[in-house]
Amino acid sequence: GNSVTQMEGPVTLSEEAFLTINCTYTATGYPSLFWYVQYPGEGLQLLLKATKADDKGSNKGFEATYRKETTSFHLEKGSVQVSDSAVYFCALSPPDTGRRALTFGSGTRLQVQP
Amino acid sequence: GAVVSQHPSWVICKSGTSVKIECRSLDFQATTMFWYRQFPKQSLMLMATSNEGSKATYEQGVEKDKFLINHASLTLSTLTVTSAHPEDSSFYICSAPWGLKSEAFFGQGTRLTVV
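Since this is a predicted model, take the numbers as computed values, not measurements.

A. The arrangement of the state of the cysteines in detail. If you walk through the whole model with that rule in mind, you get 2 disulfides over all chains. Covalently, Cys23 of chain A is tied to Cys90 of chain A through a disulfide, its sulfur atoms 2.0 Å apart. On the sign convention where negative is left-handed, the bridge of Cys23 of chain A and Cys90 of chain A, at about -70° about the S-S bond, is left-handed. Of the two residues, Cys23 of chain A sits in strand S4 (residues 23-26) while Cys90 of chain A sits in strand S10 (residues 86-93), which places them 67 residues apart along the sequence. Here Cys23 of chain A matches Cys90 of chain A in class, with each residue buried. Residue Cys23 of chain B pairs covalently with Cys94 of chain B via a disulfide, S to S 2.0 Å. Measuring the twist about the S-S bond at about 85°, one finds the Cys23 of chain B-Cys94 of chain B disulfide to be right-handed. Within this pair, whereas Cys23 of chain B is found in strand S3 (residues 19-25), its partner Cys94 of chain B is found in strand S9 (residues 90-98), the two being separated by 71 residues in sequence. Cys94 of chain B matches Cys23 of chain B in its accessibility class, with the two residues each being buried. Summary of cysteine pairing: Cys13 of chain B is not part of a disulfide, and the nearest cysteine sulfur, belonging to Cys94 of chain B, is at 18 Å.

B. Geometry of the packing of aromatic side chains. Counted by the stated rule, this structure contains 10 aromatic pairs over all chains. On the basis of an interplanar angle of 70° and a centroid distance of 5.8 Å, the ring pair of Phe104 of chain A and Phe106 of chain B is categorised as edge-to-face. Residue Phe104 of chain A is found in strand S11 (residues 103-104), and its partner Phe106 of chain B is found in strand S10 (residues 103-106); the two belong to separate chains. Here Phe104 of chain A matches Phe106 of chain B in class, with each residue buried. Geometrically, the ring pair formed by Phe67 of chain B and Tyr92 of chain B is tilted, given 6.3 Å between the ring centres and 45° between the ring planes. On the criterion of sequence distance, the pair formed by Phe67 of chain B in strand S7 (residues 67-73) and Tyr92 of chain B in strand S9 is long-range, its members being 25 residues apart. Comparing Phe67 of chain B with Tyr92 of chain B, the two get one shared label, buried. Between the NZ or CZ atom of Lys68 of chain A and the centre of the ring of Tyr30 of chain A, over which it lies, the distance is 4.4 Å.

C. Region of the structure containing the interface of chain A and chain B. With 23 residues of chain A at the interface, the matching set in chain B holds 22 residues. With both chains or domains summed, chain A and chain B bury close to 1700 Å², and 54% of this area falls on carbon and sulfur atoms. Joining chain A to chain B, the criterion identifies 5 residue pairs in polar contact (both at pLDDT 80 or more). Elements represented by at least two residues in the side of chain A that touches chain B include exactly strand S5 (32-38), strand S6 (44-50) and S10 of chain A. No other element matches S5 of chain A, which puts 4 residues into the side of chain A that touches chain B. Residues that form the side of chain A that touches chain B fall into these classes: 8 nonpolar, 10 polar and 5 charged.

Rules used in this analysis
- Residues numbered from 1 in each chain as written.
- Chains lettered and ligands numbered in written order.
- Predicted model: local features only at pLDDT ≥ 70, side-chain atom pairs only at ≥ 80, totals over all residues.
- Heavy atoms only, no water.
- Disulfide = S-S within 2.5 Å.
- Helix = DSSP H or I, 4+ residues; strand = E, 2+ residues; numbered from the N terminus.
- Buried < 20%, exposed > 50% of the residue type's maximum accessible area, 1.4 Å probe, protein only.
- Phe/Tyr/Trp six-rings, centres within 6.5 Å; stacked < 30°, edge-to-face > 60°.
- Lys NZ or Arg CZ within 6 Å of the ring centre and 35° of its normal.
- Contact = heavy atoms within 4.5 Å.
- Buried area = accessible area lost by both parts, 1.4 Å probe.
- Polar contact = N/O pair within 3.5 Å; in protein donor to acceptor, adjacent residues only side chain to side chain.
- Nonpolar A, V, L, I, M, F, W, Y, C, P; charged D, E, K, R; others polar.

See below:
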């Protein structure tokens, strides 16, 4: 079946540090890949996405590249801010239909200190 | 962009009572919606798939008689937690797929506390 594996948190960084959150997946074919962010007490917000191999999703300074050869979709940001503190979820959607639920990783909590 | 609205955002109820959570797609039609449950500091676990005009599909281990799902229109799905117990306390989130690549929009979530 499909699965998503994320690095365990929490990840604690100082402001302006470089961020990497690793995500690898298992799926048949070419799934769509997503990063969602969850701020305390809130639902999930789509951060970025990629729908085919070598696509790079980007938003708000965050980037992730769909690597088919390594089945990875690592999230990166060059300079984090305190406001980036949240939980980040990597997720995939299978390629065969547009009406399937997402499969989520376990989430990685990011704490950015001033 | 597409918006999914979930209500209420939080609710406290007594053991044995029932609680209804609404999930609405505000600017698009959703023939399918998904209900997830999230325990503290854990990921989202799919509970069930809500299908407009037909019965919901429940994931293994989810009690369909406890978590009643109704999808009566193309913009509204409801989750009713019946005879709630403290162990039902959790964060419940709905989502609706949108577009051709299964991008999903999520509601704000409902924090249920059963006392």
